[in-house]
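# Analysis of the macromolecular model
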Amino acid sequence: MTADAASDRSLSLAAQPPRLAAYGRVATHDVDEAAEQIGRIFCPHGLQPQADAACDFVALHNCAAFDGFSINYVAYGGVVTIDPGCLDRFFLIQLPLAGAARVFTAANEVATAPEHRASLLSPTLPTRMVWNDCSQLILLLDRPLVEQRAAALSGRAVRPVEFDPSVELSAAHGARLRAHMVELADLAERLGAERKLPAAAAANWRETLLNILFDQPSAGLSEAIRLHSGQVDTLPRAVRTARDLLDAHAAEPLDLAHLAASAGLGIRALQGGFRRHFGMSISDMLLDIRLARLNAQLLSAAPDARIIDMAVELGFTHLGRMAGAYRSKFGETPSATLQRSRGRLTN
C-alpha cells in the first residue's frame, strides 16, 4: 500500500487532514508491518484487528522527535486491539482527535473521545487499548525526565511514578495539556522535518511539558509535591513563610536566626515545625531545593556548561558531598545527568 493511499484512508476516518504530515514514519494496510514499524518507534506490542473489520485496517504514524520528548500523530482504521504491556521507557499522553478508544491499565478502564477525555499511560502499568476508527495526537516523554522531576518536586529519591490514566479535558489541567500538545504539533509543522528545534527552545518545551504533566493527579505523589513545596493548606503560616524564604534565597548561606525571625518563630520552634510538617530538617530542605535546581539546570545545560560553575552558583561549597547527595536522590551522578542531556542534543 502506498503512503498516499494510507493517508487517504486516515483522512476519511479522521474527517480532517492528518497532523504532522511532513514527519511520516508508517503508512500501511499490513498488520504485521504496522506492529513492527510502530513498535520500533514506541515499543514492541501486539496488534490485532477485529475480525469483521480487518478489511478496514490501516495504520498511519507521523512522529516529530525532539530532545527527551516527541509529538506523534497515530491513526488506525477499523477496530484494533493494541497490547503493549508495560511501556517501560516512557510516558504517553494520548489526545483523541477522531473516533474513540478504550484504555485498560491495571484496575482502570478509561473511555476516551475528542473534546471529552484523554489518557495518560505510565511506564510501569500494563496497558491494553481498543481503538475504533481512531486518530490521536500523542505526546511521549522519556521516563528519566519525568521520574527525576518527580524526585525534585517531592523531596523523595527517584522512584517509579504512576499517574491517573484519565485526563478530563474539561478540567483546567486537561485543557492546558491539550492546548500545549496542539501548540507543539503546530510548531513542528511550521518547522518542517528538515529543521531542528534550537536547544534552548527544546529545553523550554521540556520544562513546560513537565510542569503541565505534574498538574495531573498521581498516585501517592500529588500530596507529597504539595507538602514539599509548602502548598498544603493546613501548614502553619510561619512554616510556609520559612519554606518560601528558603526557596527564594536558596543560593545564599543559611542563617537560621534570620530565617526564624522572618517567620516570626524561635529557632527551635521552626526546626520542630519543619520536622513535623515536612519530615526533614531545615538544612535538609535547603539541600533538597538546591539539588532540584541543579538537576533542572543539568537537564537543560548549554554545551559549554560546567557542573562546578552551576554548583557554586547554587551555594554548594563542598562538591564531593554535593555529588554524593545528588546520586542518593537522583540515582546517578551530576556528570551522568549532564552527559545524558548532551547525548540528547547530539542525537
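These notes cover the structure that comes with them. (Residues numbered from 1 in each chain as written. Predicted model: local features only at pLDDT ≥ 70, side-chain atom pairs only at ≥ 80, totals over all residues. Heavy atoms only, no water.)

## Quick word on the overall build of the chain
Within the chain, the secondary structure is distributed over 13 helices and nine strands. With the principal axes as the frame, the chain shows a C-alpha extent of 75 × 45 × 30 Å. Out of the 347 residues belonging to the chain, those deemed buried represent 50%. Long-range contacts, defined here as pairs at least 24 residues apart, represent 73% of the contacts in the chain between residues at least 6 apart. Looking at the chain as shown, the accessible area adds up to about 15,500 Å², and 51% of this sits on carbon and sulfur atoms. Positive and negative side-chain charges in the chain, numbering 34 and 37 respectively, have mean positions lying 9 Å apart. (Helix = DSSP H or I, 4+ residues; strand = E, 2+ residues; numbered from the N terminus. Buried < 20%, exposed > 50% of the residue type's maximum accessible area, 1.4 Å probe, protein only. Contact = heavy atoms within 4.5 Å. Areas by Shrake-Rupley, 256 points an atom, 1.4 Å probe, with all protein chains shown as cover. Lys, Arg positive; Asp, Glu negative; His and termini not counted. Charge placed at Lys NZ, Arg CZ, Asp CG, Glu CD.)

## A look at the environment of A172
Position of A172 relative to the elements: it lies in helix α4 (residues 172–191). Along the primary structure A172 and A101 are separated by 71 residues, whereas in three dimensions their C-alpha atoms are 22 Å apart.

## Some points on empty space enclosed by the protein
Throughout the structure, instances matching the rule amount to one cavity of 30 Å³ or more. Along the walls of the largest cavity sit 14 residues, with F42, I82, L92, Q94 and M129 positioned nearest its centre. Residue contributions to the lining of the largest cavity peak at four residues, all from strand β4 (residues 69–85). Residue composition of the lining of the largest cavity, grouped by class: 12 nonpolar, two polar and no charged. (1 Å grid on protein atoms, 1.4 Å probe; cavity = no way out; pocket = protein on both sides within 12 Å on 5 of 7 lines; lining within 4 Å. Points joined across faces, edges and corners; volume = space filled by probe spheres on them. Nonpolar A, V, L, I, M, F, W, Y, C, P; charged D, E, K, R; others polar.)

## Concerning the environment of Q339
Note that Q339 resides in helix α13 (residues 334–346). Look at Q339 and you get exposed, because its relative accessible area is 61%. When the C-alpha atoms of Q339 and P84 are compared, they prove to be 30 Å apart, with 255 residues separating the residues in sequence.

## What to know about the layout of surface pockets
Space inside the second largest pocket adds up to approximately 310 Å³. Taken together, 15 residues line the second largest pocket, and the ones lying closest to its centre are A152, L153, R243, D247 and A292. Contributing elements (two or more residues each) for the lining of the second largest pocket: α3 (143–154), α5 (199–213), α7 (237–248) and α10 (282–299). Sort the elements by how many residues they give to the lining of the second largest pocket and α10 lands first, with five residues. The class makeup of the residues in the lining of the second largest pocket is five nonpolar, three polar and seven charged.

## Digging into the packing of α7 against α10
Put simply, α7 and α10 touch, their axes get as near as 10 Å, and they point 40 degrees apart. With respect to α10, the element α7 is oriented oblique. When the axes of α7 and α10 are compared, the crossing they make is right-handed. Facing R243, L246, D247 and A248 of α7, the residues of α10 in contact are I282, M285, L286, I289 and R293. (Axes fitted to C-alpha atoms, helices over the stretch in contact; angles between N-to-C directions. Parallel < 35°, antiparallel > 145°, perpendicular 65-115°, else oblique. Left-handed = near helix turned anticlockwise from the far one by under 90°.)

## Thoughts on a nonpolar patch on the surface
Together, I308, V312 and L319 make up an exposed nonpolar region whose accessible area comes to about 230 Å². Within the secondary structure layout, V312 lies in helix α11 (residues 307–313). The exposure class of V312 is exposed, given its relative accessible area of 52%. (Patch = residues over 30% accessible without salt bridge, like charges linked within 9 Å, V, L, I, M, F, W, Y side chains within 5 Å. Salt bridge = Lys/Arg side-chain N within 4 Å of Asp/Glu carboxyl O.)

## Here's the deal with the nonpolar core
The biggest cluster of nonpolar side chains holds 41 residues, and the ones touching the most others in it are L20, F66, I71 and L184. Mapped onto this core, the elements with two or more residues apiece are β3 (58–65), β4, β5 (90–105), β7 (117–121), β8 (127–142), α3, α4 and α5. Ranked by residue count, the leading element in this core is α4, at seven residues. By size, the runner-up hydrophobic cluster in this structure holds 27 residues, among which are L47, M129, W131 and C134. (Core = buried A, V, L, I, M, F, W, Y, C linked by side-chain atoms within 4.5 Å.)

## Some words on the pattern of salt bridges
All chains considered together, the criterion is met by 15 salt bridges. The residue E168 makes a salt bridge to R117 at a minimum N-O spacing of 2.7 Å. A residue pair is termed long-range when its members are at least 10 positions apart, and E168 in strand β9 (residues 166–168) and R117 in strand β7 qualify at 51 residues. A relative accessible area of 27% means that E168 is categorised as partly exposed. What emerges from the salt-bridge pattern is a single network uniting R19, D186 and E189.

## Some details on the packing of aromatic side chains
One pair of aromatic rings is described through two measures. These are the centre distance and the angle between the planes. According to the stated counting rule, one finds eight aromatic pairs in the structure shown. On the numbers, 6.1 Å between centres and 45 degrees between planes, the contact of F42 with F90 is tilted. Of this pair, F42 sits in the loop between α2 (31–41) and β2 (46–49) while F90 sits in strand β5, and the two are 48 residues apart along the sequence. Comparing F42 with F90 shows no difference in burial state: the two are buried. Seen in terms of ring centroids, F57 and Y76 are 6.1 Å apart; in terms of plane orientation they differ by 35 degrees. Their pairing is tilted. On the criterion of sequence distance, the pair formed by F57 in the loop between β2 and β3 and Y76 in strand β4 is long-range, its members being 19 residues apart. Here F57 matches Y76 in class, with each residue buried. (Phe/Tyr/Trp six-rings, centres within 6.5 Å; stacked < 30°, edge-to-face > 60°.)

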